[in-house]
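Each chain is listed here by its residues.
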Amino acid sequence: ADPRRHAMDEAALLQLWEAALPLPPQRREQVRQRLDADGLFAVERKRALPRLPRTIGVVTSARGAAIEDVIRVAHARSPVRIVIADCQVQGDGAPLSIVQALRSIQRLPELDLVILCRGGGSAEDLWAFDHEQVCRAVAACRVPVVCGVGHESDVSLAELVADVRASTPSNAAERAVPERDVLEAELRGLERRLVAAQSAQLGRARLRLERALRKLG
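Predicted, not measured: the structure shown is a model, and the values here were computed from it.

Student: Could you give an account of the overall build of the protein chain, with specific residues and numbers?
Tutor: Across its full length, the protein chain carries 9 helices and 5 strands. Helices and strands appear in the protein chain in the N-to-C order α-α-β-α-β-α-β-α-α-β-α-β-α-α. In the protein chain, which comprises 217 residues, the proportion classed as buried is 42%. Within the protein chain, counting contacts between residues at least 6 apart in sequence, those at least 24 apart form 71% of the total. With the model as given, the accessible surface of the protein chain reaches about 12300 Å², and the carbon-plus-sulfur share is 53%.

Okay, here's the thing in structure tokens:
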């Protein structure tokens, strides 16, 4: 199949959907049912986040408050590389823009996970994150996705499809990036266990040697 034809067909489909949006409750429920029928909300398909992410892609508007919150919280917790995939997060072109940004960020070979987010707004401002093609792009992402849209009381379909739902963009950064102090404490604990294990192994070896020497004597 011609990939250009596929891209044109997808763009046409998105435009048809956009013409009918913002999604009324009945249409949103139809989308939810289709996603559920395909198993995209299933707990067993959720992936664990990497313990030590080095490169995080953030799909959001480069000019919004959300990206500032994500960068501030992430860098306060641990040194991590953040790559922004700028996109439109509201308005007629938002679904297609989000899908394209999600696909674009996955071209980074070193990508560990993706944060998809935007700040609060009205129901009309957030409808792009209920768009079926956005949800399917989240599900198809090759790395785990943390999604935080709006405020804690806002729950989008994209958040339900994502591997981890966050209540806000700041919380998305908290979920994605471990605290440096916690990591250092875990490392110290591992070192103590390693020393203890080596000491126990040396003790057993010494005991076996002493027994062997007594038999020889």
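Moving on from the model shown.
Student: Give a detailed account of the pairing of strand S1 (residues 55-60), specifying residues and quantitative values.
Tutor: Of all 6 residues making up S1, 6 are buried, and the element is well covered by its neighbours. Along S1, one buried face is formed by Thr55, Gly57 and Val59 and the opposite face, lined by Ile56, Val58 and Thr60, is buried too. In the sheet, S1 pairs with strand S2 (residues 81-86) via 6 bridges, with the strands oriented parallel. Paired with Thr60 across the bridge in S2 is Asp86. Once the chain exits S1 it traverses helix H3 (residues 65-77) before rejoining the sheet at S2, and the crossover so formed is right-handed. Pairing geometry for S1 and strand S3 (residues 113-118), over 4 bridges, is parallel. What sits directly across from Val58, in S3, is Ile115.

Student: Describe the pattern of salt bridges, with residues and values.
Tutor: Any two side chains of opposite charge can pair, so long as their charged atoms come close to each other. Within this structure, the stated rule accounts for 10 salt bridges. Of the charged contacts in the structure, one is a salt bridge between Asp163 and Arg47, with a shortest N-O distance of 3.0 Å. Of the two residues, Asp163 sits in the loop between helix H7 (157-161) and strand S5 (164-166) while Arg47 sits in the loop between helix H2 (25-37) and S1, which places them 116 residues apart along the sequence. With relative accessibility at 9%, the residue Asp163 sits in the buried group. Taking relative accessible area as the criterion, Arg47 reaches 27% and is therefore assigned partly exposed. Among the ionic contacts, a cluster of salt bridges with common partners joins Arg34, Asp38, Glu132 and Arg136.

Student: Go over helix H6 (residues 132-140) with me, naming the residues and quoting the values.
Tutor: Of all 9 residues in H6, 7 are buried; the element is thus mostly enclosed. Inspection of H6 places Glu132, Gln133, Val134, Cys135, Ala137, Val138 and Ala139 among the buried residues, and these make up the whole buried set.

Student: Account for the sheet that holds strand S4 (residues 145-149), with residues named and values stated.
Tutor: Pairing is parallel across the open sheet formed by 5 strands, whose spatial order is S2-S1-S3-S4-S5. Edge positions in the open sheet fall to S2 and S5, since each of these has one partner strand only. Pairs of neighbouring strands in the sheet enclose a mean axial angle of 20 degrees, with direction left out of account. Sheet strands touched by helix H4 (residues 94-105): S1, S2 and S3. Its angle to S1, the strand with the most contacts, is close to 165 degrees.

Student: Pulling in residues and values, what's your account of the packing of H4 against H6?
Tutor: Remark: H4 packs on H6, axes separated minimally by 9 Å, with the N-to-C direction vectors making an angle of 10 degrees. By the angle between their axes, H4 is roughly parallel relative to H6. On H6, the residues that touch Pro95, Ile98, Val99 and Leu102 of H4 are Gln133, Val134, Ala137 and Val138. Here the residues of the contact of H4 with H6 are counted per class, giving 7 nonpolar, 1 polar and no charged.

How each quantity is defined
Residues numbered from 1 in each chain as written. Predicted model: local features only at pLDDT ≥ 70, side-chain atom pairs only at ≥ 80, totals over all residues. Heavy atoms only, no water. Helix = DSSP H or I, 4+ residues; strand = E, 2+ residues; numbered from the N terminus. Buried < 20%, exposed > 50% of the residue type's maximum accessible area, 1.4 Å probe, protein only. Contact = heavy atoms within 4.5 Å. Areas by Shrake-Rupley, 256 points an atom, 1.4 Å probe, with all protein chains shown as cover. Pairing = 2+ DSSP bridges. Right-handed = clockwise from strand over helix to strand, strands pointing away. Salt bridge = Lys/Arg side-chain N within 4 Å of Asp/Glu carboxyl O. Axes fitted to C-alpha atoms, helices over the stretch in contact; angles between N-to-C directions. Parallel < 35°, antiparallel > 145°, perpendicular 65-115°, else oblique. Nonpolar A, V, L, I, M, F, W, Y, C, P; charged D, E, K, R; others polar.

All we've got here are geometric facts, nothing functional implied.
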